[in-house]
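These are the residues of each chain, in order.
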Amino acid sequence: MTDQSSEQGTIRYVRCPSCGTPNLASVGTCPRCGKSLAGNIRPAPSQSAPSVVCSKCRKSLPAGSKFCGYCGAPLPGPPAQAVPQTPQRPQAPAQGCAPAGPVPTPSTPPILTGVPPPATKAAVPAPRPAGPPPANIAPPAAPRAKAPAATPAPIPKSQPAVPVVAIPKVVVSFSEVRPDGSLGKTVNVEKELVIGREDCEVRYPDDALLSPRHASVTFRDGKLRLKDLGSQNGTFIKQRHDTELRPGDVFLLGRELFRFTTQSLEESQSQASPQGTMVMKGAPKLQRGPITAKLEHIQLTGEAIEEFSLGKPETTLGRSNGDLVFKNDPYMSGTHARITAQPGRFILQDLKSTNGIYRRIVGEVELRDGDEFFLGEQRFRVALKTS
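First, a word on what this report is: a plain description of the structure on this page.

Some points on the overall build of the protein chain
Item 1. Of regular secondary structure, the protein chain possesses one helix and 24 strands.
Item 2. In the protein chain, which comprises 387 residues, the proportion classed as buried is 28%.

This is how it looks when you write it as structure tokens:
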């Protein structure tokens, strides 16, 4: 068998149609039976026909050969033809959003950025048409980075206006009250004022019941205060509401002056016997009994004129009605006041009298707007106004 160079190394044989003997393709007559083989001679393949290379002897063989004609080694099968990819239809953009970049045409498969391709054994590239790409198809634009939104400059907050609070000014004064109830001279209290008969800011030299320096009125720490300066006849303030009586309290009804005193059963029996015998120490103490109280009708000097027992639950005083009646006092109302006994204490009540009840102060008391006080024969009314 001779090599046929026109077959690019492949030796071809044709069988005789008469006897079936394999003969070279270049032989015109079968050497065995002498039949003509002219009709079976195949033209040599074109030089530009596709070929395959033997992996053993590296000879080029026609495409479609199963065995190498030179060394007899099996040749690989025909390569798998690339399956054309089906162009994907572009997804419609969301409503109200414009697509970023040009929309790919059906002839150009869309480029999916960021999505890895499916893993395959051998990636076969799709055949690309010869020639330059069409000029009307622009390459997909790279996604543009979204510019950061501009942060608006903070608007300076204006400082809230501080409201100017006007401090109210308190005007404090007291006025004289005449016997008919009208007001007389008014005195403003801007510092400590002393009321008396002589050597004072407010003087009444003709009032014999006043001490030389009787009482003082001062406005301190936002409060108006009245203080007795150890006067002989005392300083009195009008009672505004029911008040508990304490031993030694002195009060005025009309022109009548009274002093309240108490004594318990234990105190009365702790005194020495008439024979002068003292109670022995260690003797059992007597059980404390009820408190006994009495009311003394006194003079300005403090001397008692008469005494009244307060043994009843209620004792009423007046000019014409009550348990204790004082007919000769024109300044006392018909039913003026009442003393009520309660467990362990006694309460003094004003029965809506015309002139009220005045109680003698001890030390210093606070005065309020509308309060009335008197000393000697002078009566005053307090006024606190805010401007």
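On we go from here.
Section: the sheet that holds strand β22 (residues 364–367)
Item 1. The strand order across the open sheet formed by five strands is β8-β7-β9-β10-β22, and the pairing between neighbours is mixed. Strand pairing shows two members of the sheet lacking a second neighbour, β8 (202–203) and β22, which therefore form its edges.
Item 2. Taken together, the three bridges between strand β7 (residues 193–196) and strand β9 (residues 215–220) define a ladder with antiparallel strand orientation. Its bridge partner lying in β9, Ile195 is registered against Ala215.

Some words on unusual backbone geometry
Note: most peptide bonds trans; most residues except glycine with negative phi.
Item 1. Even without a glycine there, the phi angle at Asp221 is positive, about 55°.
Item 2. By relative accessible area, Asp221 is classed as exposed at 68%.
Item 3. The backbone of Lys352 shows a phi angle near 55°, a positive value even though the residue is not glycine.
Item 4. Along the chain, Lys352 falls in the loop between β20 (345–350) and β21 (357–360).

Concerning the pattern of salt bridges
Item 1. For the coordinates displayed, the defined rule picks out ten salt bridges.
Item 2. Put simply, Glu296 and Arg259 hold a salt bridge, and the shortest N to O gap is 2.8 Å. One end of the pair, Glu296, is in strand β15 (residues 291–298); the other, Arg259, is in strand β14 (residues 256–264), with 37 residues separating them in the sequence.
Item 3. Using a relative accessible area of 8% as the deciding quantity, one classes Glu296 as buried.
Item 4. Residues joined in a network through salt bridges with shared partners are Arg220, Arg225 and Glu364.

Observations concerning the sheet that holds β20
What links the strands of a sheet is backbone hydrogen bonding, and the strands pair in either a parallel or an antiparallel sense.
Item 1. Taken in spatial order, the five strands make up an open sheet running β12-β20-β19-β17-β18, and their pairing is mixed. Both outer strands of the open sheet, β12 (243–245) and β18 (324–325), are each paired with one neighbouring strand and no more.

Quick look at the pairing of strand β6 (residues 183–188)
Item 1. Of the pairings in the sheet, the one linking strand β5 (residues 170–177) to β6 comprises four bridges and is antiparallel in character. Counterpart to Ser173 in the pairing with β6 is Asn188.
Item 2. The hairpin turn running from β5 into β6, its antiparallel successor, is five residues long, and Gly181 in that turn takes a positive phi close to 95°.

Let's talk about the layout of surface pockets
Over the atoms, a rolling probe the size of a water molecule traces out where space has been left empty.
Item 1. Estimates place the volume of the second largest pocket at around 880 Å³.
Item 2. If you trace the second largest pocket, you find 30 residues lining it, with Leu252, Arg255, Phe374, Gly376 and Glu377 closest to the centre.
Item 3. Secondary-structure elements contributing two or more residues to the lining of the second largest pocket are β5, β13 (250–253), β14, β15, β23 (372–375) and β24 (378–386).
Item 4. At three residues, the largest contribution of residues to the lining of the second largest pocket is made by β24.
Item 5. Residue composition of the lining of the second largest pocket, by class: 15 nonpolar, nine polar and six charged.

Rules and cut-offs
- Residues numbered from 1 in each chain as written.
- Predicted model: local features only at pLDDT ≥ 70, side-chain atom pairs only at ≥ 80, totals over all residues.
- Heavy atoms only, no water.
- Helix = DSSP H or I, 4+ residues; strand = E, 2+ residues; numbered from the N terminus.
- Buried < 20%, exposed > 50% of the residue type's maximum accessible area, 1.4 Å probe, protein only.
- Pairing = 2+ DSSP bridges.
- Salt bridge = Lys/Arg side-chain N within 4 Å of Asp/Glu carboxyl O.
- 1 Å grid on protein atoms, 1.4 Å probe; cavity = no way out; pocket = protein on both sides within 12 Å on 5 of 7 lines; lining within 4 Å.
- Points joined across faces, edges and corners; volume = space filled by probe spheres on them.
- Nonpolar A, V, L, I, M, F, W, Y, C, P; charged D, E, K, R; others polar.

Everything listed is a geometric property; what it means functionally is a separate question.
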